[in-house]
Amino acid sequence: MRPLDEKETTQVFEKLFKFTGPNLKHLLERPAVEGPDPEPGRYCLRLHRNRVYYASEALVRRATAVARPRLAGVGTPIGKFTHHGAFHLTVHALDLLAAHARRRVWLKPDTERNFLFGNSVPKSSLARITENTKAGDGVVVMSMADLPLGFGIAARSAQDCRKADTNAVVVLHQADAGEYLRKEEELM
């Protein structure tokens, strides 16, 4: 396990910034609440076997005592680097993104299952959308009970959604909570 280098850090922060915007600084600057130490410090990002982990500094210090081949992971896995060097957020990052998201989309209750099966969000499924959402922005998909279901990329702006056809795709699917069941072996 090692800290991210400059190129990796840039890729991770660009992807997280797409969803959180200026709230990104709150992810790393907030005081940690996990770890055995009385003052666990702050949160940090670490790379282990092409996966990026979000963990407290105290937990990372304790994990250094474990040999790399025996270490499965430490903290919350938020994404992974592909063989080609691109960074992808995984469904594990959903809680972090939901807490600090700048843009959100709410689905109608009867259409939540369709999104949880891995499909993109059509306009007919849309209940609400954050104002000033632009095409290409990262959005967190929520239920009407404010439970985070997943995240994706806005295919249309909030203004265009009003004029769009009912079958037009509004949010392109990236990850959802249903992946815990569908891709159970891949996620670990």
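Residues numbered from 1 in each chain as written. Predicted model: local features only at pLDDT ≥ 70, side-chain atom pairs only at ≥ 80, totals over all residues. Heavy atoms only, no water.

In the nomenclature of an unreviewed UniProt entry, the protein chain is known as 60S ribosome subunit biogenesis protein NIP7 homolog of Dichanthelium oligosanthes. The heading Subunit (unreviewed entry) in the UniProt record of the protein chain holds the text "Interacts with pre-ribosome complex." (UniProt positions renumbered as here; feature names shortened; annotations may be inferred.)

Q: Go over the sheet that holds strand S11 (residues 169-176) with me, naming the residues and quoting the values.
A: As summarised here, the arrangement of the six strands in space is S7-S11-S10-S9-S6-S8, forming an open sheet in which the pairing is mixed. Where the open sheet ends on each side, the last strands, each with one partner, are strand S7 (121-122) and strand S8 (126-129). As paired elements, S7 and S11 share two bridges and run antiparallel to each other. Paired with Val 121 across the two strands is Val 171, which belongs to S11. (Pairing = 2+ DSSP bridges. Helix = DSSP H or I, 4+ residues; strand = E, 2+ residues; numbered from the N terminus.)

Q: Which residues make up unusual backbone geometry, and what are the values?
A: Most peptide bonds are trans, and most residues other than glycine sit at a negative phi. A positive phi is found at Asn 50, a non-glycine position, where the angle reads about 65 degrees. Residue position: Asn 50 is located in the loop between strand S2 (43-48) and strand S3 (51-56). The exposure class of Asn 50 is partly exposed, given its relative accessible area of 40%. Its identity is not glycine, yet Asp 146 carries a phi of approximately 60 degrees, on the positive side. Here Asp 146 shows up in the loop between strand S9 (138-142) and strand S10 (148-154). The class for Asp 146 is partly exposed, based on a relative accessible area of 47%. (Buried < 20%, exposed > 50% of the residue type's maximum accessible area, 1.4 Å probe, protein only.)

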